[in-house]
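# An overview of the molecular structure
Residue-level listing of the chains:
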Amino acid sequence: SLAEQGYFKDMNWLDRAPTKVYIIGENLLEDFVEEGKAKVLKETVSASVTKEDAATYVVVYSRVFVRDHPSVDGKYVGDLFEGTEVHGREEGDWLRLDPASAELCVRIRQKNSGPTWVLIDGRQLGLGRLLEKKVVPEPESPTGAAQSAFPIIRTACYEDLPSLWKSDPPDLGVILMPNFTKTAPEDPQQGVIPNNIFEMLGGLPVVVSSRCRLQSLNSLADGVLLPQMRCPFSAGAGDPSLKYDDNGWIFCATANALAKAALVCPEPALPTGKVKIMFWGIVDLKYDHHKPLLERIRVLETGDGRISRFSGDGAPIQKHFEDHYQLQEQEAALQTYNFISKDKKLTHDLFDATGYAHIIPRQVCFPRVYYPGIASHISAELGLREEDEEELVVLKLCNRSRAAGVLIVPLKDLEKVLQEILEPPAKLQSWFEPQLERLKENSARDFGVVRDSFEEHVRHWWANESPSFVAERCCSSMPTMRDGRCYDGTMRVTFALRRRPGASETLTPEDIEVDWLGGYWKLPNADMSSSLLRERIISQAKTGTAPVQPYILMEVYGALSSALQQLFGAAEFTSERLREQYKSQPELAAYLIARRALSLRPEQRLQSLCDVERSIARFTVSPAKSCVESFVHRAHGVLIARGSGSERWKEARGHFQRAVDAHPSNSNALFQLGMCALELGPLEMAIELMNKSLLLDSDFRAPYVNLGVAYLRQAAHADDPHKAQDFYLRAMEISEACLMRHPASPQCNYHIGVACTQLAFYLQDGEGVDCKDARFIELRGRAAREFLEARGSVEAARRLSDWQEAQARGIAKKQQAPWLSVDDKMLQAVEVHMMQGQTLKPIKIPEFIGWRLFFWRV
């Protein structure tokens, strides 16, 4: 287009000498040279291998080393073996491999890890010839003019441009995705074009790409040579409505015009009213601006925004969502998106299959079966060197969030850790007995494990029902400063998916619109100088947050927008496809098919689960098979328990029991079997089962809540006042333990309110204390605060609204906690002003007291 408009020396691009194009920017060197290394290395790593300068060689030695610099002192990164044909540029005695040849390396350290070299002649090392050049005949060209059709393209850093401009000026400049965002004065403004660049280039035509449509191009006036348009070669070019896209928009102007223009990225427009959406999600990722573009972002996991926490710098995101979006809970796609986002293996594979392998860490998946040597197999598949014992491997459970079960393990310790986490106690009941006795005799919250300790995460692995686990190479972010210290943070960005107007029922990627809601850094407990791996690497918002600069968010949005469309819109999950995709791990395929079954239409769910149950009968006996059997039985029980039949808990109990029999350390199955006992009795059995569940998974909110219910009901049944007081104290203890981990648990506030009220009555009636007694005043005051906290929650408001709506329609519906008439009486009793000598009339609580929490984890 520019050539046709006459902006080059000749009118016809094809008839002139090769046009010189410079791609200009910062951090364009493919590798960084440490201080003190030979200056000549800068020249050897400054440009990629092109087809024009590549030579073809064949490896003629049995094995040759591949290195990260053209020197025998360069770091070893892989091997090439005899007979392998490779391509690359000759640089002295070395051959710089092109990317395709680098992929042929065995045990390569990292995919797309930068330039690599191999020595051509090993005689200086006493080895003889290592590579032989293969002569490739040049293709005949009908005319000399056709050869000149290819422009000469090279990259140029801002620092190198002045000297290049004098010695070999280009015909066209290209600047890819510079930073146009407004930044704070103290911000380093990475990606901003230096002021002197455009002045130096003068009238040179410069093509500029951006991640969003820029405002104020009118300020370029007559300097615009090509108006702003969507780039047909970007990842999201097929979607004209995409708001962010890497290299998604291009325009061309003279450098003189660009020097005077004030180009900015627009602020995201706020929705008018509440926008109906299909899914609210989060992406946790590592980001490092100092790495090459395709290595900056590494997606760790995706998740459901409804169960994610947003604190500190993330708190405004929650409010923004509540103010401007409305999740359609009945949307059919919601179940599918939950299915995708909640499994780390599935998410990773979908990103890979849809062309976004560059944004995910290298990952391998293994059945949860220990065997000697498993660590060596994992390290080999991750491309790690066994001799480098300090290399870090990240072990993850496929189906857990909140960093539960995430372990950062040095390579030297990997075998030992894998044996510990993959082999639960052989005699589990013997392991349970002393711990259950301690809970009975001592505190109701003493589960014998320190929060977030290695021991707690080992138990997460024992308790999990996924048949597979994943191992990844450890990724890091650029340092984030807080209080003068550097942290390796994890960035959390949030998004909403909405259906494009006019979209068909079967959604394609282009039928999904992505709205970005913001992002922030979650910081780990310890800074980057700490020797404690988990405390230094695992980020949690509760330990600290930091804001993310707008230009970084823009880059993340550009890289992920089309990726999320593909992730959630391109996959079709049928039993046949999942079985074929994971045929090497049939247990994983069966588990995913069973999970997928629960997102189907109600009439299809049970049949699909039964099909899975029949298929796994043919599997070889193994811990992985037991996990799948346990999940399938539990899922069957969940379908029944979620129904409306009067006998549903009795019918579900058999399925939950079979789930426990198949996998005795399945904390989900133990909890749901405990729920059957809570509904059907006896309460002692409910307490034992839920305690077992928490002993294995002490971050599981539902058992805490329902243990509170069980203790309150035991108190309501107790004839002995002293025993009743002990049950109330236990209800308070377990509820306080839950609130320490899960502050947004109004059920626990309610249970504490009930317990405090009843304990105040016992002080008055049993010990005869006066209304001015400090203990009596404290219990009444706390009861009032906890009741009001519970009633002020979103869940309580929804319960009240549902009851009021039923009343308005004339539908019989029982009122529920915390709005029972007995709750009104207790709140009035603890709020009323008492005169000296006045006493309260005791309020008897019903046997069905308690705010239950049904949590299915399917």
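Cut-offs used in this document
- Residues numbered from 1 in each chain as written.
- Predicted model: local features only at pLDDT ≥ 70, side-chain atom pairs only at ≥ 80, totals over all residues.
- Heavy atoms only, no water.
- Helix = DSSP H or I, 4+ residues; strand = E, 2+ residues; numbered from the N terminus.
- Expected span 1.5 Å × (residues − 1).
- Contact = heavy atoms within 4.5 Å.
- Buried < 20%, exposed > 50% of the residue type's maximum accessible area, 1.4 Å probe, protein only.
- Pairing = 2+ DSSP bridges.
- Axes fitted to C-alpha atoms, helices over the stretch in contact; angles between N-to-C directions.
- Parallel < 35°, antiparallel > 145°, perpendicular 65-115°, else oblique.
- Left-handed = near helix turned anticlockwise from the far one by under 90°.
- Polar contact = N/O pair within 3.5 Å; in protein donor to acceptor, adjacent residues only side chain to side chain.
- Core = buried A, V, L, I, M, F, W, Y, C linked by side-chain atoms within 4.5 Å.
- Patch = residues over 30% accessible without salt bridge, like charges linked within 9 Å, V, L, I, M, F, W, Y side chains within 5 Å.
- Areas by Shrake-Rupley, 256 points an atom, 1.4 Å probe, with all protein chains shown as cover.
- Salt bridge = Lys/Arg side-chain N within 4 Å of Asp/Glu carboxyl O.
- pLDDT = per-residue confidence, 0-100.

## A few points about helix α20 (residues 648-662)
Compared with the 21 Å implied by 1.5 Å per residue over 15 residues, the 22 Å span of α20 between its first and last C-alpha is a close match. On its buried side, α20 packs onto α19 (623-641) and α21 (667-680).

## A few points about helix α22 (residues 683-696)
Counted at 1.5 Å a residue, the expected span for α22 with its 14 residues is 20 Å, and the 20 Å between its end C-alpha atoms agrees. For α22, the tally of buried residues reaches 11 of 14 residues, placing the bulk of the element in the interior. Buried-residue contacts for α22 involve α12 (428-441), α13 (454-463), α21, α23 (701-717) and α24 (721-741).

## Here we look at the sheet that holds strand β13 (residues 249-254)
The strand order across the open sheet built from 6 strands is β9-β1-β10-β11-β13-β12, with neighbouring strands paired in mixed fashion. Every interior strand has two partners, whereas the edge strands, β9 (152-157) and β12 (224-230), have only one. Taking each pair of neighbouring strands and ignoring which way they run, the sheet shows an average axis angle of 20 degrees. Where β12 meets β13, 4 bridges bridge the pair, whose relative direction is antiparallel. Across the sheet, residue R230 finds its bridge partner in β13, namely W249.

## Digging into the packing of α23 against helix α25 (residues 746-766)
Where α23 meets α25, the axes come as close as 10 Å, and the angle between the chain directions of the two elements is 20 degrees. As the angle between them shows, α23 and α25 are arranged roughly parallel. Considering the relative orientation of α23 and α25, their crossing is left-handed. Together, R701, V705, G708, V709 and L712 of α23 and Q747, C748, H751, V754 and A755 of α25 make up the contact between the two elements.

## Focus on the side chain of S477
Among the structural elements, S477 can be located in the loop between β21 (468-473) and β22 (480-482). Since its relative accessible area comes to 4%, S477 is described here as buried. Among the polar contacts made by the side chain of S477, one reaches the main-chain amide nitrogen of Y287 at a distance of 3.1 Å. In this structure the side chain of S477 is engaged in a polar contact, spanning 2.7 Å, whose partner is the backbone oxygen of G489.

## Regarding the sheet that holds strand β8 (residues 131-134)
Backbone hydrogen bonds hold the strands of a sheet together, and the pairing may be parallel or antiparallel. Pairing is antiparallel in the open sheet, where 7 strands are placed in the order β4-β3-β7-β6-β5-β2-β8. The sheet terminates laterally at β4 (76-81) and β8, the two strands that pair on one side only. The average angle at which neighbouring strand axes cross in this sheet is 45 degrees, direction not considered. Inspection of the sheet shows strand β5 (residues 85-91) paired to strand β6 (residues 94-97) by 4 bridges, in the antiparallel sense. Residue pairing in the sheet places E90 in a bridge with L95 of β6.

## Re the nonpolar core
Counting 110 residues, the largest nonpolar core has I378, L395 and L418 as the members making the most contacts within it. Residues within four places of L418 in sequence aside, it is in contact with Y370, I374, A375, I378, L395 and F469. Counting 109 residues, the second-largest nonpolar core is a separate cluster that includes L201, V556, A563 and L564.

## Brief notes about the pairing of strand β2 (residues 55-59)
Side chains on a regular strand alternate between the two faces of the sheet. Taking burial as the measure, the 5 residues of β2 include 4 buried ones, the bulk of the element. Where β2 lies against β8, 4 bridges are found, and the strand directions are antiparallel. Note on β8: the bridge partner recorded for V59 is L131.

## Some details on the environment of K274
Position of K274 relative to the elements: it lies in the loop between α6 (255-260) and β14 (275-277). For the pair K274 and D323, spaced 49 residues apart in the sequence, the C-alpha separation amounts to 7.1 Å. If we skip the residues at most four places from it in the chain, K274 touches E322, D323, H324, Y325 and Q326.

## A short note on a nonpolar patch on the surface
Taken together, the side chains of V72, L125 and L127 make up a nonpolar region of the molecular surface, amounting to roughly 240 Å² of accessible area. Within the secondary structure layout, V72 lies in the loop between β3 (63-67) and β4.

## Some remarks on the confidence of the model for the chain
Looking at the chain as a whole, the pLDDT averages 88, with 91% of positions reaching at least 70. Across residues 9-16, confidence stays below pLDDT 50; counting only partners more than four residues off in sequence or on other chains, it has 16 contacts.

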